[in-house]
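Each chain, letter by letter, is given below.
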Amino acid sequence: MSIILKQPSQPAPCVPSAQPFPCLENAVSTVHPTHAIHLQTLYSEHHGWLYGWLRGKLGNRADAADLAQDTFLRLLGKREAAPLREPRGYLATIARGLLIDRYRRQALEQAYLEALAQQAEPTTMSAETHAIIIETLLAIDRLLDSLGARTRAIFLLAQIEELSYVEISQRLGVSLPTVKKHLVRAYTECLMLAAG
């Protein structure tokens with residue numbers, strides 16, 4: 001089976017520059033001036049280091065540049081940014097989280113493509129549809145990860161294996177009220193995700 005994806009035209013990646021926030025100029029203009037000055041200083045003093053660190057981790061200039069920019073974009077989302085005692089440690093922590101998200105996304109996308117490959121008919125979809133599906137799967141993955149082990153297990157037994165409350169109670173050795181409580185929590189989280 002073959003999978004056909006229509007590729008969108010990709011913008012050129014942002015490459016390192018001495019000019020503060022070369023790829024983020026519009027975003028910086030929307031934050032408080034003091035915050036913007038602090039971020040510009042942080043960017044000009046540490047972007048080169050962060051880019052080099054990420055390049056060593058990824059082995060790819062374009063991906064390292066994109067992830068470095070994403071790290072500073074994450075900082076833009078914060079309302080205030082006081083000067084940091086260990087700016088490189090802070091930046092590395094944010095970048096590590098983004099790396100984990102990136103690897104998780106790649107693994108999820110690979111699993112999705114493998115599942116598509118098992119279909120009898122070739123699947124043709126636009127890159128936009130593909131991206132929406134991957135983002136939805138990532139949101140579900142994050143939701144499941146946030147539920148906690150017992151709630152996640154109960155939810156998956158109900159949804160994937162289609163077990164009844166009694167069957168889940170017997171399989172996991174927990175009371176029926178416990179099963180109901182955890183399913184209510186899981187369904188509430190799902191509704192919040194859908195509304196959000």
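Conventions we followed
- Residues numbered from 1 in each chain as written.
- Predicted model: local features only at pLDDT ≥ 70, side-chain atom pairs only at ≥ 80, totals over all residues.
- Heavy atoms only, no water.
- Patch = residues over 30% accessible without salt bridge, like charges linked within 9 Å, V, L, I, M, F, W, Y side chains within 5 Å.
- Areas by Shrake-Rupley, 256 points an atom, 1.4 Å probe, with all protein chains shown as cover.
- Salt bridge = Lys/Arg side-chain N within 4 Å of Asp/Glu carboxyl O.
- Helix = DSSP H or I, 4+ residues; strand = E, 2+ residues; numbered from the N terminus.
- Buried < 20%, exposed > 50% of the residue type's maximum accessible area, 1.4 Å probe, protein only.
- Axes fitted to C-alpha atoms, helices over the stretch in contact; angles between N-to-C directions.
- Parallel < 35°, antiparallel > 145°, perpendicular 65-115°, else oblique.
- Left-handed = near helix turned anticlockwise from the far one by under 90°.
- Contact = heavy atoms within 4.5 Å.
- Nonpolar A, V, L, I, M, F, W, Y, C, P; charged D, E, K, R; others polar.
- Expected span 1.5 Å × (residues − 1).
- Core = buried A, V, L, I, M, F, W, Y, C linked by side-chain atoms within 4.5 Å.

A. Main features of a nonpolar patch on the surface. Taken together, the side chains of Tyr 165, Val 166, Leu 176 and Tyr 187 present a nonpolar region at the surface, about 320 Å² in accessible area. Contributions of two or more residues to the nonpolar patch are made by helix H7 (165–172) and helix H8 (176–195). Positionally, Leu 176 belongs in helix H8.

B. Fine view of unusual backbone geometry. In this structure, Glu 162 is a non-glycine residue whose phi angle is positive, near 55°. Looking at the secondary structure, you find Glu 162 in the loop between helix H6 (149–159) and H7. Given the relative accessible area of 65%, Glu 162 is considered exposed.

C. Highlighting the pattern of salt bridges. Here the structure, examined in full by the defined rule, presents 5 salt bridges. Between Arg 104 and Asp 145 there is a salt bridge, with the nearest N and O atoms lying 3.5 Å from each other. Separated by 41 residues along the polypeptide, Arg 104 in helix H4 (residues 87–117) and Asp 145 in helix H5 (residues 127–146) bring together distant segments of the chain. The partner of Arg 171 in a salt bridge is Glu 161, with the nearest N and O atoms 2.9 Å apart. In this pair, Arg 171 sits in helix H7 while Glu 161 sits in the loop between H6 and H7, placing the two residues 10 residues apart along the sequence. Linked by salt bridges that have partners in common, Arg 104, Asp 141 and Asp 145 make up one network.

D. Up close: the packing of H7 against H8. Where H7 meets H8, the closest approach of the two axes is 9 Å, and the angle between their N-to-C directions is 110°. The angle between H7 and H8 places the two elements in the roughly perpendicular class. Helix-helix and strand crossings are classified by hand; for H7 and H8 the assignment is right-handed. Across the interface between the two elements, Tyr 165, Val 166, Ile 168 and Ser 169 from H7 touch Leu 176, Val 179, Lys 180 and Leu 183 from H8. The residue makeup of the contact of H7 with H8, split by class, is 6 nonpolar, 1 polar and 1 charged.

E. Spatial organisation of H4. Counted at 1.5 Å a residue, the expected span for H4 with its 31 residues is 45 Å, and the 44 Å between its end C-alpha atoms agrees. Regarding H4, the residues found buried are Pro 87, Leu 91, Ala 92, Ile 94, Ala 95, Leu 98, Leu 99, Tyr 112 and Leu 116.

F. Here's a closer look at the nonpolar core. Of all hydrophobic cores here, the largest spans 21 residues; its most connected members are Leu 50, Trp 53, Leu 54, Leu 67, Phe 72, Leu 75 and Leu 91. Contributing elements (two or more residues each) for this core: helix H2 (33–58), helix H3 (61–76) and H4. The leading source of residues in this core is H2, at 8 residues. Residues Leu 163, Ile 168, Val 179 and Ala 186 belong to the second largest nonpolar core, which totals 13 residues.

G. Geometry of the side chain of Ser 169. Among the structural elements, Ser 169 can be located in helix H7. If sequence neighbours within four positions are ignored, Ser 169 has contacts with Val 174, Ser 175, Leu 176 and Val 179.

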